[in-house]
Amino acid sequence: MTRGSVAATCAGIAAGIVALAIPLLGMPLLADIDFRICALLMVAVSWNLMAGAGLVSLGHSAFWGLGAYVAILAANDFAVPFAASLLPAMLAGALLGAALALITGRMRGIYFAISTLAASEGLRVLATMLPDITGGGNGLYLDSKLFPGKTAIGLAAPCGAILAALIAWAISRSRYAFALRAMRNNELASQMLGVAPIRFRVGIMMIAGAIATLAGAINAWHGGYLDPGVGFDLKTTIDAQIAPILGGVYTLPGPIIGAIATIGFEELTRALFGGMVGISLLVFGIVLVVVVLCMPQGIFGLLRGLRLPWRPATPRAAR
Amino acid sequence: MINFAQLLIDALLMGGLYALMSVGLSLGFGVMRIINFAHGEFVMLGAYGAFWGLTLWHIDPLIAMPLLIVLGFLAGWLLFRGVIEWALKAPQLNQILLTFGIALVLQHIAVVLWTGDVRSASPGYAVSTTIIGDLFIVHGRLIGFLVAGVLIAALMTWLRYSETGRALRAVAQNRDAAILMGIDPGRIYALSFATSTALGVASGAIVSFLINITPFMGFPILLKAVAIVILGGLGSVAGTVIGAFVLAIAETMVAYYVPDGAGWTEGVAFALIVAILLIRPRGIAGQSLAT
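Since the structure is predicted, the reported quantities are computational estimates derived from the model, not experimental observations.

**A look at the overall build of chain B**
Check the secondary structure of chain B and you find 11 helices and two strands. When its helices and strands are written in sequence order, chain B yields α-α-α-α-β-β-α-α-α-α-α-α-α. For 291 residues, the compact-globule estimate of 2.2 N^0.38 gives 19 Å, and the C-alpha radius of gyration of chain B, at 19 Å, lies within 12% of that figure. Its C-alpha atoms give chain B principal-axis dimensions of about 60 × 45 × 35 Å. Here chain B holds 291 residues, and the buried ones make up 51% of them. Restricting to contacts in chain B with at least 6 residues of sequence separation, those with at least 24 account for 77%.

Here it is, written out as structure tokens:
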């Protein structure tokens, strides 16, 4: 282990402890920010896992919304408690991921991106048009008898975020990471080297799908209300890509740094421009354009470029 | 009993409009291999341009359209030279995110400038109708269809017979060979992107009196255009026109025959995307770029 990676590991552990401690302090504003960072972190890690295999998703709201609906419907229709409702949600996300992976077959790049976009919009239409199951456009409220309390939900988000980060870390340490990176660079060539792309694609999309649906499910319990517009909001898709891009795409710390930075940006624009509608997403758009054009390595890339005494280690997955 | 002739007329008129909305996207992709996710935003800006022209200066959207086309062309040229060009050699991920970011910026500039209120331009012909037997023809839709037809015909003639049009097709077919023939691909790229945005703005001027205008109208339009372009085959203008009519007919059928059809029509485009990608990823007339 280099000094950089020791420092990074310590920073990660410290961040995890802080994220877990905040909901227990009883400070609502801070707890809210903590929750949003953790939820975004899960989606960002999930997006980054897929991007790492060359699969650019423009439809993370599909996973998010699916998780939200499965969790709330499980609770309302079958009286499933909070923690238990997260399992079917993750299962549904993994299944959706596998289905998308199989449908898109060997498609890459634009075709894959468009398919995910179509999936999320298609699910939104389904949720709107099946009011008997989903409540349709009127939406549905979570059964308040099952509400486990703010602290439990506040703790679930950092737990999920830590889990997501650990999964990403484990993958980056394994042979899996090399296969995925080979797929990203050249799927055909990786196939000749004995990587079975479809197996890895299904695998990574099941994992990424489960992580993103978990975030959506926890968030649905947090909000308590759901309709197709909320569940399959385009903003989720936008956030899911902005965070890893801003932090540093294809890297392990990227989505984590990015999630914190993105929420920071959001709070900053809110403080500066107050209630002006649209400003925060306008700023996001500008950030997206500028980062893609001027610093494609993101914040983590900038940090790595600086000559700090504890220069952050290059994670294996990005080397 | 549902009137089948009415269904066909509705689908035909809508198909022309869909073709105009997506033909610009198709052109841009064919030449540069970039899907411009901001294309719907140019339709939105065109619609606002026509709306404000009518509201503030009483200029009919059809008269404002040529001016809007010129403005759209200039804006597209500037956007290409200022932003898009820098990402041409970047990985596809960057290109997708870049145009997505531009879409986000344009959309929310519109929100900040004009709020999220729903508006619509309503010149006299937007609602007047002709009734032939038991068929209803809304004049606004007919006019939109005719204008779309003229613009698309002009585009195809230009691509087919003019020197520049041939150069553009040459770059689309084989960039390296085109360079060897003395064609400057940078100029052709800028030209095709600017033409593509001009077409988007033009369709915006037409839809301004057909559908509601909001800053968020661009995204659903983009999704439909993407479905049409995939359906027709990425990079084929003629295929795109066919794809537009296929989508229009499918949507109209669903609206007529399926209970609650009007709500389900929104899903038709996505079902078609998935079906086409599964069955025939190269579309009706396009080239396969799936791998």
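On we go.
**Quick look at the nonpolar core**
Core analysis: the largest hydrophobic core is formed by 204 residues, its most contacted members being A:Leu41, A:Met42, A:Ala71, A:Leu288, B:Leu20, B:Ala202 and B:Leu247. Those residues within four positions of B:Leu247 in sequence are excluded, and the remaining contacts are B:Tyr18, B:Lys224, B:Ala227, B:Ile228, B:Leu231, B:Val268, B:Ala269 and B:Leu272.

**Some thoughts on the environment of A:Asp227**
Tracing the chain through its elements places A:Asp227 in the loop between β2 (225–226) and α11 (228–231). Once you skip the residues sitting within four places of it in the chain, A:Asp227 turns out to touch A:Gly137, A:Asn138 and A:Gly139.

**Section: helix α10 (residues 197–223) of chain A**
Residue and element names in this part refer to chain A. For α10, built from 27 residues, the straight-helix expectation of 39 Å at 1.5 Å per residue is met to within 8% by its first-to-last C-alpha distance of 38 Å. For α10, the tally of buried residues reaches 20 of 27 residues, placing the bulk of the element in the interior. Positive backbone phi, approximately 80 degrees, marks glycine 224, located one or two places after α10.

**Re the environment of A:Ala62**
All names here are of chain A. Relative to the helices and strands, alanine 62 resides in helix α3 (residues 60–78). On the basis of neighbour count, alanine 62 is assigned to the buried category, with 31 C-beta atoms found within 10 Å. Residues alanine 62 and glycine 122, spaced 60 residues apart in sequence, show a C-alpha to C-alpha distance of 8.7 Å. Ignoring any residue separated from it by four or fewer positions in sequence, one finds alanine 62 in contact with Leu96, Thr116, Ala119, Ser120, Leu123 and Phe232.

**As for the interface of chain A and chain B**
How big an interface is tends to be reported as the loss of accessible area on association of its parts. Tallying the contact residues gives 39 residues for chain A and 39 residues for chain B. No other element matches helix α5 (residues 109–129) of chain A, which puts 13 residues into the side of chain A that touches chain B. Looking at the side of chain A that touches chain B residue by residue, the class counts come to 28 nonpolar, eight polar and three charged.

Calculation notes
Residues numbered from 1 in each chain as written. Chains lettered and ligands numbered in written order. Predicted model: local features only at pLDDT ≥ 70, side-chain atom pairs only at ≥ 80, totals over all residues. Helix = DSSP H or I, 4+ residues; strand = E, 2+ residues; numbered from the N terminus. Rg over C-alpha atoms; globule rule 2.2 N^0.38 Å. Buried ≥ 20, exposed ≤ 12 C-beta atoms within 10 Å, placed from the backbone. Contact = placed C-beta atoms within 7 Å. Core = buried A, V, L, I, M, F, W, Y, C linked by C-beta atoms within 7 Å. Expected span 1.5 Å × (residues − 1). Nonpolar A, V, L, I, M, F, W, Y, C, P; charged D, E, K, R; others polar.

Everything listed here is a matter of geometry and, on its own, says nothing about what the molecule does.
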